[in-house]
There are 2 protein chains.
Amino acid sequence: MLTIGKLGAAAGVKVPTIRYYEQIGLLPDAERSSGNQRLYARSTQDRLAFIRHARELGFPLEAIRDLLGLSDRPDQSCSEVDAIARTQLQAVEGRIARLQALKGELERMVDQCAGGRIGDCRVIEVLGDHTHCSADHSRDLHGVSE
Amino acid sequence: MLTIGKLGAAAGVKVPTIRYYEQIGLLPDAERSSGNQRLYARSTQDRLAFIRHARELGFPLEAIRDLLGLSDRPDQSCSEVDAIARTQLQAVEGRIARLQALKGELERMVDQCAGGRIGDCRVIEVLGDHTHCSADHSRDLHGVSE
DNA sequence: CTAATGTCTCTAGCAACTAGAGGTTCAAGG
DNA sequence: CCTTGAACCTCTAGTTGCTAGAGACATTAG
C-alpha cells in the first residue's frame, strides 16, 4: 500500500491533484489508515498514470471519465473509445491550424517592428486592425494563454 | 455615442465581456445615460477591437493591459511592445510543437484501434503506458482542452 | 522523545469569461 | 399616450483543472 505522496511521485501527479481527482469522482475514495491517511493499491498507480497521460494528450476530464468507465467493461466494442480519440485528434488538428495562422500574424508583426517609437509601431497598429486576419480565430479565445 | 449592445456587435465582443473588461480595468468606466446605461465613444470601439484581436492572438489580458498602457504613450521606444510580441510568438511556437507531438500520438492510437473489443483496444492501452511519449508534455497540462 | 516531514480538511484563488435572477430603461407600434 | 418587448442594469455563482494556504493531526528518523 502506498501513501498519497508515494503514489503521486510514482505517477507524476501532485498530491493535491490526486485529492482533487478523488473529490470529483475520477478516482474512487481511497482506503484509509488507522490515522485517516489515504492508502492506495498498486493498481491505482496505473489508473492515475492513465489519467495523467490522457490529460497530457489534451483529453478533458469528462472524456477521461468516459474512457475509464469504458475500460472497466473490456468486453464491449471499442467504437466509443475510438470516437473519443478521433474527436480529440480533430480538436488538436484544429488547434494547430489556428495557431499556425496566429504564428504568421505574430511574425509579420515582429518583422515590421523597426525599433522606432511606439507611434510608428506596427505591432500596435496590427493589433488595432483586423483586416489582415487570415482566419476566424474566435474559437481560440480560451485556453490559449501560457 | 453607442450603447453597449451596439459596441459589442461592432467590435465582435459579447456584452457581458465588455462589462467584465470594465470591471477589471481594461476599459475605463463608461459614461452613463440619464437612465444609467453605458454610453461609448467611437474610440472605445477601436480599443475594444484591439483587445479582441490581441486575445485572438493569444495575448493574456495582463499583456494586453501592458500594450494598452504603452500605446497611450506613443513617443517611447517600442522595444517593450516588441518584447511582448516576441514572447507571445515563442509561446505559440512552443504550443504548436507540443501539439504536433500529441497529434502523432493520437494518430497512432486511432490507427491501431482495429475496431475490436475494449479489452484489445490500443487506445486504452496506449493511454495507460507512457513509454511511447515522444516529448515532455507536462507543461501542456492546462489550457489544452477545447 | 522530539523534531521534521507528511498528511488531513477546508476555504479561497487563478484565467477569462458565461449564465442566471430579478429589476429598470428605452424605442417603436397602436 | 401607452404598452410591449428588447435591451440594459447589478449581483451572484458557475465553469475547468487545478494550486495555495491555514491550522491541526500522523508518521518516521535520529
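Before any of the text, the structure's been laid out above.
Nothing here was measured: the structure is a model prediction, and the numbers come from that model.

A. View of the protein's contact with DNA strand D. As a matter of local geometry, DNA strand D sits amid 20 residues, with Thr17(A), Tyr21(A), Gly5(B), Arg19(B) and Arg38(B) nearest to it. Looking at DNA strand D alone, sugar and phosphate atoms form 90% of those within 4 Å of the protein. Lys14(A) has a polar side-chain atom sitting 3.3 Å from a phosphate oxygen of DNA strand D. Contact between DNA strand D and Arg32(B): a phosphate oxygen at 3.0 Å from a side-chain N or O atom of the residue.

B. Local environment of the protein's contact with DNA strand C. Inspection of the region around DNA strand C gives 20 residues, with Gly5(A), Arg19(A), Arg38(A), Thr17(B) and Tyr21(B) positioned closest. Expressed as a percentage, the sugar and phosphate content of the atoms of DNA strand C within 4 Å of the protein is 86%. Arg19(A) is positioned with one of its side-chain polar atoms (N or O) 2.3 Å from a phosphate oxygen of DNA strand C. With respect to DNA strand C, the side chain of Arg32(A) contributes an N or O atom lying 3.0 Å from a phosphate oxygen. For the surface near DNA strand C, the secondary-structure elements that each account for two or more residues are α1 (4-11) of chain A together with α2 (15-23) of chain B.

C. Spatial organisation of the packing of aromatic side chains. Counted by the stated rule, this structure contains two aromatic pairs over all chains. Aromatic side chains Tyr20(A) and Tyr21(A) sit 6.0 Å apart centroid to centroid with 45 degrees between the ring planes, which places their arrangement in the tilted category.

D. Representation of the sheet that holds strand β2 (residues 31-32) of chain B within the structure. Taken together, the three strands give an open sheet; going across it, the order is β1-β3-β2 (chain B), and neighbouring strands pair in antiparallel fashion. A single partner strand is all that each edge strand has here, and the edge strands are β1 (2-3) and β2 of chain B.

E. Representation of the environment of Phe50(A) in the model. Take Phe50(A): it is sitting in helix α3 (residues 42-56). When the C-alpha atoms of Phe50(A) and Leu67(A) are compared, they prove to be 9.7 Å apart, with 17 residues separating the residues in sequence.

F. Structural detail: the environment of Leu57(A). Residues and elements named next belong to chain A. With respect to the helices, strands and loops of the structure, Leu-57 is situated in the loop between α3 and α4 (61-71). Of the residues examined, Leu-57 reaches a relative accessible area of 0% and is grouped as buried. A sequence separation of 28 residues divides Leu-57 from Ala-85, and the C-alpha atoms of the two residues are 9.8 Å apart.

G. Representation of the packing of helix α3 (residues 42-56) of chain B against helix α4 (residues 61-71) of chain B in the model. All names here are of chain B. Orientation of α3 relative to α4, taken along the N-to-C sense of each, is 140 degrees, at an axis distance of 10 Å. Viewed along their axes, α3 and α4 adopt a mutual orientation that is oblique. Handedness of the α3/α4 crossing: right-handed. Contacts from Arg-47, Phe-50, Ile-51, Ala-54 and Arg-55 of α3 reach α4 at Leu-61, Ile-64, Leu-67 and Leu-68.

H. Broad picture of the packing of helix α1 (residues 4-11) of chain B against α3(B). Residue and element names in this part refer to chain B. Viewed as axis vectors pointing N to C, α1 and α3 meet at an angle of 50 degrees, and their least axial separation amounts to 9 Å. Accordingly, the angle class assigned to the pair α1 and α3 is oblique. In this structure, α1 meets α3 at a crossing whose hand is right-handed. Of α3, the residues touching α1 (which contributes Leu-7, Ala-10 and Ala-11) are Thr-44, Gln-45, Leu-48, Ala-49 and Arg-52.

About the cut-offs
Residues numbered from 1 in each chain as written. Chains lettered and ligands numbered in written order. Predicted model: local features only at pLDDT ≥ 70, side-chain atom pairs only at ≥ 80, totals over all residues. Heavy atoms only, no water. Near = heavy atom within 4 Å. Polar contact = N/O pair within 3.5 Å; in protein donor to acceptor, adjacent residues only side chain to side chain. Helix = DSSP H or I, 4+ residues; strand = E, 2+ residues; numbered from the N terminus. Phe/Tyr/Trp six-rings, centres within 6.5 Å; stacked < 30°, edge-to-face > 60°. Pairing = 2+ DSSP bridges. Buried < 20%, exposed > 50% of the residue type's maximum accessible area, 1.4 Å probe, protein only. Axes fitted to C-alpha atoms, helices over the stretch in contact; angles between N-to-C directions. Parallel < 35°, antiparallel > 145°, perpendicular 65-115°, else oblique. Left-handed = near helix turned anticlockwise from the far one by under 90°. Contact = heavy atoms within 4.5 Å.

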